[in-house]
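The primary structure of each chain is shown beneath.
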Amino acid sequence: MKIYEKAPAKINLLLDVLRKRGDGYHEVEMIMTMVDLADRLEMEELPRDTIIISSQVGYIPLDEKNLAFQAARLIKERYDVRKGVYIHLDKKIPVAAGLAGGSSDAAAALRGLNRLWGLGISEDELCDLGAELGSDVPFCVTGGTAIARGRGEKLEHILPPPQCWVVLAKPPINVSTADVYGRLRANELKDHPSIEFMRGALARGSFHDMCEGLGNVLENVTLELYPEVRQLKESMLRLGADGVLMSGSGPTVFGLVSKQAKLPRIYNGLRGYCKEVYVVRMLT
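Residues numbered from 1 in each chain as written. Predicted model: local features only at pLDDT ≥ 70, side-chain atom pairs only at ≥ 80, totals over all residues. Heavy atoms only, no water.

## Observations regarding helix 9 (residues 227-238)
Over its 12 residues, helix 9 extends 16 Å from the first C-alpha to the last, a length consistent with the 16 Å expected when each residue adds 1.5 Å. Buried within helix 9 we find V229, L232, K233, S235 and M236. Down the axis of helix 9, the buried set is contained in an arc of 165°. They therefore lie on one face. Exposed residues on helix 9 whose side chains face more than 90 degrees from its buried face are P227 and R238. (Helix = DSSP H or I, 4+ residues; strand = E, 2+ residues; numbered from the N terminus. Expected span 1.5 Å × (residues − 1). Buried < 20%, exposed > 50% of the residue type's maximum accessible area, 1.4 Å probe, protein only. Arc of directions from axis to C-beta.)

Pasting the structure below:
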């Protein structure tokens, strides 16, 4: 039997950092939602007790460094599963892009293996397992739109954004999340985006207010380190996107667009100097 799971990308409509915690993590408040750019996982049981991962791309690890591998190992150990699994990762989400591709793969592996092996694990338990793998994994387990607090694992699901187009553009650089957070001076931040304003914008279904409420306190750090990201953001605004923000720690920049007629100009303008450009919809 084969099990298939989609692993959609996420974007941060809002990312705020409140403080550095004693355990080394940062206390965050984020609003995250998913977009229709997804990896696809195919899972098949193996008779011998092993985990094998393959992919059509050659630039991701296929061993213990892979989050889907770690998810499979965790679920096998925690629920004493003595069978093996073969997982094929059909990668579509750019790697190290601020779009939670690896976290979403891990979440899809947890959901899929729960079904494959008939373990009957509740969604809450899957989220707890996910939190052991990474801060974004619990959100990727549930999907939807949510406020994430703590280090990202405490979720409050809220109304989804109004439907619109999303243009994603990733410059040809990789950004280290740990490096960006390491350079952030959380205690010195003066301007914080408003969770309540964004929650209200989504509750009202106001596209204009959603664009007004976009905010990410990591932007200034990444934009200083990588001028390409600043250039990308400025270009997207100049080409006509209604609201533009860097997702996560970057380097991907997304633009929210209400009118389909604007898309060719934005897409073609960005493709002039950025190979990885995607036009997708919100998953609402």
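There is more to say, and it comes next.
## Here we look at the packing of aromatic side chains
In the structure shown here, the tally under the stated rule is zero aromatic pairs. In this structure, R281 packs its charged tip against the face of W165, placed 4.2 Å from the ring centre. (Phe/Tyr/Trp six-rings, centres within 6.5 Å; stacked < 30°, edge-to-face > 60°. Lys NZ or Arg CZ within 6 Å of the ring centre and 35° of its normal.)

## Some thoughts on the sheet that holds strand 10 (residues 253-257)
One open sheet accounts for four strands, arranged 9-10-7-11; its pairing is antiparallel. With one partner strand each, in any of the chains shown, strand 9 (243-246) and strand 11 (276-281) form the two edges of the open sheet. Each strand of the sheet is rotated relative to its neighbour by a mean of 20°, with strand direction disregarded. Both strand 9 and strand 10 contribute to a ladder of four bridges, which runs antiparallel. The residue bridging G243 from the neighbouring strand is L256, located in strand 10. (Pairing = 2+ DSSP bridges. Axes fitted to C-alpha atoms, helices over the stretch in contact; angles between N-to-C directions.)

## Side note on the packing of helix 2 (residues 101-116) against helix 3 (residues 123-133)
The interhelical angle for the contact between helix 2 and helix 3, taken along N-to-C directions, is 140°, at an axis separation of 10 Å. Here helix 3 runs oblique to helix 2, going by the angle between their axes. Like other packed secondary-structure pairs, helix 2 and helix 3 cross with a definite hand, here right-handed. Contacts between helix 2 and helix 3 pair A106, L110, R111 and N114 from the former with L126, L129, G130 and L133 from the latter. Tallied by class, the residues present in the contact of helix 2 with helix 3 amount to five nonpolar, two polar and one charged. (Parallel < 35°, antiparallel > 145°, perpendicular 65-115°, else oblique. Left-handed = near helix turned anticlockwise from the far one by under 90°. Contact = heavy atoms within 4.5 Å. Nonpolar A, V, L, I, M, F, W, Y, C, P; charged D, E, K, R; others polar.)

## Comments concerning the side chain of D39
Position of D39 relative to the elements: it lies in strand 2 (residues 26-46). Relative accessible area serves as the criterion here: at 0%, D39 is assigned to the buried category. Within the structure, D39 has its side chain in polar contact with the backbone nitrogen of K92 (distance 2.7 Å). A polar side-chain atom of D39 sits 2.8 Å from the main-chain amide nitrogen of I93. With residues near it in sequence (within four places) discarded, D39 still touches E5, K6, A7, D90, K91, K92, I93, G101 and D105. (Polar contact = N/O pair within 3.5 Å; in protein donor to acceptor, adjacent residues only side chain to side chain.)

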